[in-house]
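Spelled out from the first residue to the last, the chains are:
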Amino acid sequence: MSVEAHPGPLQNMSLAMRAWNIRRKALLMGEVQGQGYIGQALGVADMLAVSYFHALDYRADDPEWEGRDRFYLSIGHYAIALYAVLMEAGILPEEELETYGMDDSRMPMSGMASYTPGMEITGGSLGQGLGIAVGAALGLKRKKSPAFVYNLMSDGELGEGSTWEAVMSGVQWQLDNLICIVDFNNQQADGPSRNALAVGAEAPKWAAFGWYAQEVDGNDIKALVAAFDAARALKDPRPRVIICNSTMCKGIDFLEQREMSHFIRVEADEWTKALTVLEEGKPE
Amino acid sequence: MTRASMARKYEPRKAPAKKIATSAMIASLAAEGYDTVSAPFGEALVQAARKDDRIVGLSADLSKYTDLHIFAQAMPDRFYQMGMAEQLLMSAAAGMAREGFIPIATTYAVFASRRAYDFIAMAIAEENLPVKIVCALPGLTTGYGPSHQATEDLAIFRGLPNMVLIDPCDACDVAGMVPEMLAHDGPVYARLLRGKVPTVLTRHKPDYKFQLGRAQMIREGRDVLVVSSGIMTMRALDAAERLAADNVDVAVLHVPTIKPLDVSTIVAAAREGGRLVVTAENHTVNGGLGEAVARELMLAGVHVPFRMIGLPDEFLEAGALPTLHDMYGLSVARVADQIKSWL
């Protein structure tokens with residue numbers, strides 16, 4: 001597996017610009033529905049930009065290409081963010097953006113494999129993605145495929161026991177083709193994750209289980225690139241995790257300052273305001 | 001300690017013919033007078049796997065107790081010991097199926113149906129992946145008590161779209177279901193009989209062969225139609241021989257596939273000759289074969305006398321299996337008595 005940038009279209013666009021585009025598309029989808037997990041989408045945009053435009057190997061015109069790196073969205077409610085990056089990558093047509101969450105759309109509110117090209121698994125029942133990723137990583141090894149399996153999960157999923165079954169299994173089977181990305185925004189349905197079960201020292205915990213664990217600022221593109229590169233280049237026969245400390249609503253200051261919650265309330269007139277704020281911060 | 005334990009007294013049963021103890025979990029299912037086959041599932045799986053290298057086996061620390069160790073020994077590089085982690089077992093099987101393999105995942109029926117249900121539902125069934133879940137200790141086949149007695153597994157899985165459910169009777173069924181479930185392109189939940197498994201069906205019907213989705217008449221009879229699955233077909237056949245001595249003529253329709261149900265065969269048999277229809281299942285009477293058959297007869301407008309043999313809506317006692325089968329109505333004698341009492 002090469003660690004060169006993905007040779008897709010518009011190769012010269014910066015990762016910051018990609019992240020900006022992802023945020024913009026997510027806001028446009030949120031505006032369509034008047035709701036959505038926009039806080040998470042804005043927070044995870046940089047991780048998705050680095051995943052799809054730096055790390056992953058895939059073919060936009062053939063989402064099922066056997067040689068692709070698998071990207072699992074364990075957190076089904078982050079679908080709005082994944083649709084944005086799939087459009088940005090040319091896997092989903094941008095014309096469908098306005099169908100988000102509508103009847104008959106290929107982009108339902110929670111991500112499902114049977115609806116959307118590029119959506120590998122049906123997430124949403126939290127704590128399942130990493131276990132499925134373990135099986136896929138085992139399968140790829142059986143096939144002697146050089147592809148990686150990426151699993152994007154949330155800090156809330158650290159509370160699920162099944163996550164830790166998979167954590168142990170990844171080490172047991174020496175899955176050096178498994179990369180787990182934890183979006184740590186410290187926010188779950190009832191409040192801060194650190195007040196629930198994700199009490200802290202996440203990277204040391206994974207490291208103690210035997211994973212190659214890195215902890216980075218999940219909204220710092222340079223740091224993310226370095227972490228993804230290190231995760232892919234590591235020669236040790238063990239799975240890799242990148243704990244990404246992120247900020248909900250990143251990039252839209254008036255939303256960032258709003259009292260945090262799992263499901264951010266955005267008033268009808270605020271979508272346009274958010275897009276205006278985003279426009280002002282457009283990268284060069 | 002609960003109030004129930006405080007109230008419980010040790011009162012030896014009256015004059016037991018011989019002392020019987022709770023058998024070990026690995027004990028085979030007793031069926032008097034029948035030949036047995038050793039580990040028919042493991043052997044059939046090895047045969048199938050020699051012809052298809054997509055087949056892999058996974059277990060959650062119960063390969064020896066599900067006869068998967070036969071496969072593990074024959075093909076060690078295709079066996080995955082997932083550890084005592086049933087949620088992982090099912091998710092990882094789903095992941096391997098996504099990559100083009102046909103995973104066989106084995107554990108006990110209680111752990112698959114209760115502990116790993118959400119993982120089977122969402123990671124496997126919702127995506128219609130060809131994972132074959134094969135589980136030992138179905139219904140009341142152990143005396144270890146409710147922690148190991150999967151008395152409601154079929155009720156749980158009947159509600160799950162895409163799932164095919166198999167409840168085999170004997171070694172012919174267990175060996176026969178293996179190639180058929182592998183050929184089915186979707187998820188399967190199969191109850192397993194392991195260890196020394198009796199050969200029953202071919203003795204009563206020499207040309208019997210398991211067919212997925214098909215109910216088959218094993219024995220004809222004018223007075224009573226028993227519609228049964230799993231080990232209860234074995235019990236029904238033995239009970240029918242006893243009842244024949246009392247001039248009661250019992251037909252036995254074996255329904256090893258619980259879902260999809262062979263509705264046309266069942267309805268046609270029930271329509272015939274105004275017989276008493278009795279369902280018999282090694283499962284709670286809630287949500288299993290009996291209720292499924294009742295529904296189909298109602299929908300088809302077949303109005304016949306109808307009775308159900310099955311486990312009560314209770315957490316069952318611990319003890320020796322023959323004692324428990326007698327206590328809960330699954331023994332040959334109790335099946336025969338119940339049918340007689342309804343005539």
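Data block above holds the structure.
Reading guide: rules and limits
- Residues numbered from 1 in each chain as written.
- Chains lettered and ligands numbered in written order.
- Predicted model: local features only at pLDDT ≥ 70, side-chain atom pairs only at ≥ 80, totals over all residues.
- Core = buried A, V, L, I, M, F, W, Y, C linked by C-beta atoms within 7 Å.
- Buried ≥ 20, exposed ≤ 12 C-beta atoms within 10 Å, placed from the backbone.
- Helix = DSSP H or I, 4+ residues; strand = E, 2+ residues; numbered from the N terminus.
- Domains from an automatic or database assignment.
- Contact = placed C-beta atoms within 7 Å.
- Nonpolar A, V, L, I, M, F, W, Y, C, P; charged D, E, K, R; others polar.
- Pairing = 2+ DSSP bridges.
- Right-handed = clockwise from strand over helix to strand, strands pointing away.

### Some thoughts on the nonpolar core
Core analysis: the biggest nonpolar cluster contains 206 residues, and Ala41, Ile80, Ala81 and Tyr83 of chain A together with Leu89, Ala93 and Val226 of chain B have the highest contact counts within it. Counting residues per element, this core draws most heavily on helix H2 (residues 38-55) of chain A, at 12 residues. The two domains that each donate at least three residues to this core are domain 1 (36-198) and domain 2 (213-342) of chain B. Beyond its immediate chain neighbours, meaning those up to four positions away, isoleucine 80 of chain A contacts Ala26, Met29, Gly30, Gly36, Tyr37, Ala41 and Tyr100 of chain A.

### Describing the interface of chain A and chain B
Taken together, the contact pairs 21 residues of chain A with 22 residues of chain B. Elements with a contribution of two residues or more to the side of chain A that touches chain B: helix H4 (129-142) and helix H5 (161-172) of chain A. The element best represented in the side of chain A that touches chain B is H4 of chain A, accounting for 10 residues. Looking at side-chain class alone, the side of chain A that touches chain B contains eight nonpolar, 10 polar and three charged residues.

### What about the pairing of strand E11 (residues 250-254) of chain B?
Residue and element names in this part refer to chain B. With five of five residues buried, E11 is to be regarded as a mostly interior element. Because side chains alternate across E11, one face comprises the buried residues Val250, Val252 and His254, and the other comprises Ala251 and Leu253, equally buried. Relative to E11, strand E9 (residues 216-219) is paired through three bridges, and the arrangement is antiparallel. Paired with arginine 219 across the strands is valine 252, a residue of E11. Sheet topology note: the strand E10 (residues 224-228)/E11 ladder contains five bridges and is parallel. Within E11, the residue paired with serine 228 across the bridge is histidine 254. Assessed by its sense of winding, the connection that carries the chain from E10 through helix H10 (residues 231-245) to E11 is right-handed.

Shape is all these values report; function is a separate question.
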